[in-house]
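Structural characterization, general
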Amino acid sequence: MTVTAAAVAHSRSPAVAARTLVEVAGVTKAFGTGPGAVVALSAVSLSIFENEFFTLLGPSGCGKTTLLRLIAGFEHPSAGVISLDGRDLTELPPHKRPVNTVFQSYALFPHMTVAQNIAFGLERLGRPRAEIGARVAHVLSLVKLEAMADRRPAQLSGGQQQRVALARALAPAPRLLLLDEPLSALDQKLRREMQGELKRLQRETGVTFVLVTHDQEEALAMSDRIAVMSTGAVLQIGAPAEIYDRPATCFVADFIGEANLLPGALVGRPGGTVAIRPERVQLSRAGEGPSDKGLPGTVTTMTFLGSDVLYEVTLASGVAIKARLRDAAPVVEAGSAVVASWATEAERPVAEDPVAAGPRP
């Protein structure tokens, strides 16, 4: 999915953390033993603050879902400690943790009504009937499904089923809500609507949300902070705008949106790699206009994207770059000789990515 600077501009500001709620310290998870062991997480450490929307973001196989399952208690770490409110959770079974999980499949009981689905967990916890009724009414109000209380899941849309799953998870008032790619089954329009719903619910309830996703735009739009993961390691943690504007590594720059990764020597920075976002690149016809930096090249393709036009340019050095121009009719055609330029502050030095510590799943 394409991520632009505009998407980042609409993301949430960083949370002002009152205190740390979840601490992950040196956690490693390996499946199997001996030379054939598969290392899913390698010495991962991070803190999740109280009352924030925190996202674990990365491609398939990066370890994000494994970390979520470790926090939930569905897996046991091979090494390291996970604590919540300062209490070591390592030996605590899932049902004794103040944590609830919303999975990709909503797992609603088809023979129960919406209200009965929401009440189920509270009944298992032995809550008084009056409290159950009050909690069900409260969370139904939160997700705006009061009128659907007596319907069964088959009578609901995908988005409504998602809200029932959220209401059921929130009903026991957990300290932490884990979300395992909960929007992946929804179409794009409904997914965007539900992003707004999740943000609203997190703010209104004050519950800490931890989202797992591979969708960069989703992470940027909803999160207070994001942990970008790859090959079992956390590469960078920060607010959406920080990660987008100041990526730490080549992988982060390329995974979060689009990035031109150029050899430093090409732009007068010998050694290392420089990342430049396509929307920071300007194009002019060869011989036209001054520039802070200018590299000659030839337009190879031009793609009209509605409000944007995406150009791919092969520089005289043979390096290919992209330029994304907003709110503009095409200014050059494929095959045109151009000069690609950008301001010096658009260049972000990025580190090479660490080598994976062991076999990957």
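First, a word on scope: everything that follows refers to the structure included in this document. Being a predicted model, the structure only gives us computed values, none of them experimental.

Focus: the packing of aromatic side chains
- By the definition in use, this model includes four aromatic pairs.
- On the numbers, 5.3 Å between centres and 10° between planes, the contact of F251 with F255 is stacked. Taken together, the positions of F251 and F255, both in helix α9 (residues 250-255) and four residues apart, correspond to about one turn of that helix.
- Over the face of the ring belonging to F31 we find K29, whose NZ or CZ atom lies 5.0 Å from the ring centre.
- Positioned above the aromatic ring of F49 is the side chain of R225, whose terminal nitrogen or guanidinium carbon lies 4.0 Å from the ring centre.

Focus on the pattern of salt bridges
- Applying the stated criterion across every chain yields a total of 15 salt bridges.
- Between E197 and R200 there is a salt bridge whose closest N-O contact spans 2.8 Å. Linking E197 with R200, this pair stays in helix α6 (residues 188-205), spanning three residues, or about one helical turn.
- The exposure class assigned to R200 is buried, which follows from its relative accessible area of 17%.

Remarks on the sheet that holds strand β11 (residues 260-263)
- The three strands lie next to each other as β11-β12-β18, forming an open sheet whose pairing is antiparallel. Since the sheet does not close on itself, it has two edges, and those belong to β11 and β18 (348-350), each with one partner. Adjacent strand axes in the sheet meet at a mean angle of 40° when their direction is disregarded.

Brief notes about the pairing of strand β4 (residues 79-84)
- In terms of strand pairing, strand β1 (residues 20-31) meets β4 through five bridges, oriented antiparallel. Paired with T28 across the two strands is A79, which belongs to β4.
- Bridging between β4 and strand β5 (residues 87-88) involves two bridges; their strand directions are antiparallel. Residue pairing across strands places S83 opposite D88, the latter belonging to β5.
- Between β4 and β5, which pair antiparallel in sequence order, lie two residues; one of them, D85, sits at a positive phi of approximately 55°.

Definitions and limits used
- Residues numbered from 1 in each chain as written.
- Predicted model: local features only at pLDDT ≥ 70, side-chain atom pairs only at ≥ 80, totals over all residues.
- Heavy atoms only, no water.
- Phe/Tyr/Trp six-rings, centres within 6.5 Å; stacked < 30°, edge-to-face > 60°.
- Helix = DSSP H or I, 4+ residues; strand = E, 2+ residues; numbered from the N terminus.
- Lys NZ or Arg CZ within 6 Å of the ring centre and 35° of its normal.
- Salt bridge = Lys/Arg side-chain N within 4 Å of Asp/Glu carboxyl O.
- Buried < 20%, exposed > 50% of the residue type's maximum accessible area, 1.4 Å probe, protein only.
- Pairing = 2+ DSSP bridges.
- Axes fitted to C-alpha atoms, helices over the stretch in contact; angles between N-to-C directions.

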